[in-house]
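Next come the chains, spelled out residue by residue.
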Amino acid sequence: MTPEPSADAPAHAIETVFRIESPRIIAGVARIVRDVGIAEELAQDALVAALEQWPREGVPGNPGAWLMATAKHRAIDLVRRRERYARKLVEMGRDLEASAPHGHIDEPADPDDIDDDLLRLVFTACHPVLSAEARIALTLRLLGGLTTVEIARAYLVPEGTVAQRIVRAKRTLAVKAVAFEVPYGPEREARLGSVLEVIYLIFNEGYAATAGDDLLRPALCEDALRLARVLAELMPKEPEVHGLAALLEIQASRSAARTGPSGEPVLLKDQQRSRWNRLLIRRGFAALARAEAVSTGGGPGPYVLQAAIAACHAHAYSYEETDWARIATLYGLLAARTPSPVVELNRAVAVSMAEGPGAGLAIVDALVDEPALRGYYLLPSVRGDLLVRLGRVGEARGEFERAASLTRNERERGLLLGRAEECG
């Protein structure tokens, strides 16, 4: 006797499909209504329709296309009800007029159109008119498919705070009349920087959590990596997009080796490189090659340079075999391209490995009074490490203790206090 399907099966299918397809659905609808907030509401309406119909009628053969068609049908109805959008409706053409209602479409819409819409959604969610926190929250919501609760949990902030950021971000985009488009020329270059920055910030929060009990938040890394891959597919001729994808692939390859059995941090020099994910490394190398292939002159950008640095580590079979001289050179190029005290601090580490701890300490000491690094725990941490290598363990202990007092991550604090004890 064939068992009857579970009553929860359609609901589970809806949840799974909607999480995967929601960015494309929102993007496709936003092209019609020109408002990401309304587009998200209409996508949710399509979800409600699925919850009502799929348990009765069964899951359609192409559930993603069903949800897209239903959401677009409701968007067209909304536009029809608004007289001021009548002219825009005519311009849409017959393709939108003919969108079938409520799931009688088994074939997906033109994938090129969807991809174009998705790219517009990326640029809209990451518009510089929004604060960095708002861009991150909105991007994770619309493109990462995360719920407000999941975003709040990931960033260790109250759920209400995240909800307010998302609501205000949507309102700001509407009030500022931000166009739902991919800009061109100089504006596109400026906006692309904002898009890449948001994806990189999301990845970094997952790779080295700012606060909390865990060093890593793998889900955030996976979301950022997925967004970077999507962006690379949508913008194949942008070297910095491929550079960011390469950087994240290679960085993510080390995740399994970055923590010990109890979740404690494992420093780069102590990591078992056999645990590095070779598939991700190969993907990173391929993305870096694509970035170099589409470069048009003017030198590599900051993400390509950072990816090249990560590739140096990935090429080395051991910490000692790392080409530190090349890494120091690449950090020098990065510092010239995007001057930053943090980049200079990283360059100091590479210089210390290539030329000795004294050379690195000279660079670090020049950064001690840098306002941007005040309260940055890695400055005393790096200085402590260099002092240990110079045999000045008494001074090093104080630096590690200071670093421990500055970090908000419990795993990092434990590591730093342990290093201070070793200097006892």
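Refer to the structure above for everything that follows.
Here is a short report on the structure shown in this document. Bear in mind that the values here come from a model prediction, so they are computed numbers and not experimental data.

## Observations concerning the overall build of the chain
And step 1. Scanning the chain from N- to C-terminus turns up 20 helices and two strands.
And step 2. Scored against the burial criterion, the 424 residues of the chain give a buried share of 49%.
And step 3. Restricting the contact set of the chain to residue pairs at least 6 apart, pairs at least 24 apart contribute 66%.
And step 4. About 20800 Å² of surface is accessible on the chain, with carbon and sulfur atoms providing 52% of the total.

## Brief notes about the environment of arginine 191
And step 1. Considering the arrangement of structural elements, one finds arginine 191 in helix α10 (residues 185-207).
And step 2. A sequence separation of 67 residues divides arginine 191 from threonine 124, and the C-alpha atoms of the two residues are 9.2 Å apart.
And step 3. Not counting residues up to four positions away in its chain, the partners in contact with arginine 191 are Phe123, Thr124, His127, Pro128, Glu181 and Pro183.
And step 4. At 3.2 Å, the side chain of arginine 191 and the backbone oxygen of phenylalanine 123 are in polar contact.

## Let's talk about the packing of aromatic side chains
And step 1. Going through the model one piece at a time under the given rule, you end up with four aromatic pairs.
And step 2. Ring plane angle 90° and centroid distance 5.6 Å describe the contact between tyrosine 200 and tyrosine 303, whose orientation is recorded as edge-to-face. On the criterion of sequence distance, the pair formed by tyrosine 200 in helix α10 and tyrosine 303 in helix α14 (residues 302-315) is long-range, its members being 103 residues apart.
And step 3. The exposure class of tyrosine 303 is buried, given its relative accessible area of 11%.
And step 4. For arginine 254, the ring lying beneath its charged end belongs to tryptophan 276, and the centroid distance is 5.5 Å.

## Some words on the pattern of salt bridges
And step 1. Applying the stated criterion across every chain, the model contains 19 salt bridges.
And step 2. Salt-bridge contacts for arginine 141 lead to glutamate 40; the nearest nitrogen and oxygen are separated by 2.7 Å. A residue pair is termed long-range when its members are at least 10 positions apart, and arginine 141 in helix α7 (residues 132-142) and glutamate 40 in helix α2 (residues 36-57) qualify at 101 residues.
And step 3. Look at glutamate 40 and you get buried, because its relative accessible area is 6%.
And step 4. Members of the salt-bridge network, linked through shared partners, are Arg31, Asp117 and Arg120.

## Topic: the environment of serine 318
And step 1. Locating serine 318 in the fold gives a position in the loop between α14 and α15 (324-337).
And step 2. As for serine 318 and leucine 268, which are separated by 50 residues in sequence, their C-alpha atoms are 9.8 Å apart.

## What about the layout of surface pockets?
And step 1. Looking at the second largest pocket, its volume works out to about 540 Å³.
And step 2. Top element by residues in the lining of the second largest pocket is α10. It accounts for six residues.
And step 3. Residues that form the lining of the second largest pocket fall into these classes: eight nonpolar, nine polar and six charged.

## Topic: helix α3 (residues 63-81)
And step 1. If you check α3, its first and last C-alpha atoms are 27 Å apart, about what 19 residues at 1.5 Å a residue would give, namely 27 Å.
And step 2. With 14 of its 19 residues buried, α3 lies for the most part within the structure.

## Observations concerning the packing of helix α16 (residues 341-355) against helix α17 (residues 357-365)
And step 1. Look at α16 against α17: their axes get within 6 Å of each other, and the N-to-C directions meet at 165°. By the angle class used here, α16 and α17 are roughly antiparallel. At the point where α16 passes α17, the crossing takes the right-handed sense. For the pair α16 and α17, contact is made by Glu344, Leu345, Arg347, Ala348, Val351, Ser352 and Glu355 and by Pro357, Ala359, Gly360, Ile363 and Val364, respectively.
And step 2. Class assignment for the residues of the contact of α16 with α17 results in seven nonpolar, two polar and three charged.

## Overview of empty space enclosed by the protein
And step 1. Tallied over the entire structure, the rule returns two cavities of 30 Å³ or more.
And step 2. The space that makes up the largest cavity amounts to roughly 40 Å³.
And step 3. Looking at the largest cavity, the residues that line it are Val122, Cys126, Thr139, Leu143, Ile199, Leu227, Val230 and Leu231.
And step 4. Looking at side-chain class alone, the lining of the largest cavity contains seven nonpolar, one polar and no charged residues.

Quick notes on the rules
- Residues numbered from 1 in each chain as written.
- Predicted model: local features only at pLDDT ≥ 70, side-chain atom pairs only at ≥ 80, totals over all residues.
- Heavy atoms only, no water.
- Helix = DSSP H or I, 4+ residues; strand = E, 2+ residues; numbered from the N terminus.
- Buried < 20%, exposed > 50% of the residue type's maximum accessible area, 1.4 Å probe, protein only.
- Contact = heavy atoms within 4.5 Å.
- Areas by Shrake-Rupley, 256 points an atom, 1.4 Å probe, with all protein chains shown as cover.
- Polar contact = N/O pair within 3.5 Å; in protein donor to acceptor, adjacent residues only side chain to side chain.
- Phe/Tyr/Trp six-rings, centres within 6.5 Å; stacked < 30°, edge-to-face > 60°.
- Lys NZ or Arg CZ within 6 Å of the ring centre and 35° of its normal.
- Salt bridge = Lys/Arg side-chain N within 4 Å of Asp/Glu carboxyl O.
- 1 Å grid on protein atoms, 1.4 Å probe; cavity = no way out; pocket = protein on both sides within 12 Å on 5 of 7 lines; lining within 4 Å.
- Points joined across faces, edges and corners; volume = space filled by probe spheres on them.
- Nonpolar A, V, L, I, M, F, W, Y, C, P; charged D, E, K, R; others polar.
- Expected span 1.5 Å × (residues − 1).
- Axes fitted to C-alpha atoms, helices over the stretch in contact; angles between N-to-C directions.
- Parallel < 35°, antiparallel > 145°, perpendicular 65-115°, else oblique.
- Left-handed = near helix turned anticlockwise from the far one by under 90°.

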